[in-house]
Amino acid sequence: MKKTWRYLLILCIGILFAGCTQQSHEKQEPPKKEEAKMIIGVAKNNAPYYSTDTAGNPEGLYVELMNALSERGDFAFEFLDVSPVQAKEMITQGKCDAFLGVCELELDEREELLQRGAFYSSPLYLVTPKAGGLKDADELRDRKIAATALSSAEEYARKTAIRHGGDAVTFQDEETALLDMEGGYSQAMAIDGNRLSVLIQNGKKLRVLKKSEKILEKHRITVLSDSESAGILWNSLKEIKKDKTLDELVLAMQETVE
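Report follows, based on the coordinates.

The rules we used
Residues numbered from 1 in each chain as written. Predicted model: local features only at pLDDT ≥ 70, side-chain atom pairs only at ≥ 80, totals over all residues. Heavy atoms only, no water. Helix = DSSP H or I, 4+ residues; strand = E, 2+ residues; numbered from the N terminus. Expected span 1.5 Å × (residues − 1). Buried < 20%, exposed > 50% of the residue type's maximum accessible area, 1.4 Å probe, protein only. Contact = heavy atoms within 4.5 Å. Pairing = 2+ DSSP bridges. Axes fitted to C-alpha atoms, helices over the stretch in contact; angles between N-to-C directions.

Attention now moves to helix α7 (residues 228–242). The end-to-end C-alpha separation of α7 is 22 Å, in line with the 21 Å expected for 15 residues at 1.5 Å each. Listed in full, the buried residues belonging to α7 are S229, A230, L233, W234, S236, L237 and I240. Residues of α7 that are buried in the fold lie against β1 (37–42), α2 (61–73), β5 (98–101), β6 (113–115), β13 (217–224) and α8 (245–257). A positive phi of about 70° marks K244, the residue just after α7.

What follows is the structure in structure tokens.
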């Protein structure tokens, strides 16, 4: 009898040990590797193209564009705050996979970066503060016109300055250019038309001096030319252009600034 109880005791201990060992192996399984995300550089505070709502969620044309591209290309992504003047360095150093937005780079065949035609073009305006600003463009002689560097707005500012005998000054971002004009250091500013609408909606008192007749602001994707990201983005962009998804996204954005 005693032997029987002893055998039963040993059997129970063996079963418990085996169960604990199995649970231990289950707990020690390595965690699943997270899906790699494409890092997309964008300029912050850039509504209606890119901004965040009160809860910190990104919104705007670029956000909707990336949602559509990621659905077609079956990839995950996240945004990173990058100014246009940082874009080239950030991409070539592998800190982001692409830059989305206004970034006019002079590239040749030897460059590592690739830009194709703009997926969207927006109008450009020359503005001045309503209080104490200029009355018309003829007053630009010997005055300064602010603009964001590496943008078509910079080109427009420079050509307008030459035509009216003024001087163009560039800044890393639009916010700094606007502060310079509001501080009286520059007397006018070249700016994207949709950005102008948002600023006026938010209470900025600005007067339009003129609208560009030929130069448009170009919104592009900048990416490493030989990267996997380039092929995925170009092919996905081609698809949403073909089925008019891109047109719908642009129209929805324009309705928010009218």
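Spatially, 5 strands are ordered β10-β9-β11-β8-β12 in an open sheet, and the strand pairing comes out mixed. Where the open sheet ends on each side, the last strands, each with one partner, are β10 (167–171) and β12 (206–211). Neighbour to neighbour, the strand axes of the sheet diverge by 35° on average, direction disregarded. Relative to β10, strand β9 (residues 144–148) is paired through 5 bridges, and the arrangement is parallel. The residue of β10 that forms the bridge with A146 is V169. Packed on one face of the sheet, helix α4 (residues 152–164) meets β8 (124–129), β9, β10, β11 (188–192) and β12 and runs near 165° to β9. Lying on the sheet, helix α6 (residues 193–201) is in contact with β8, β11 and β12; it crosses β11 at an angle near 110°.

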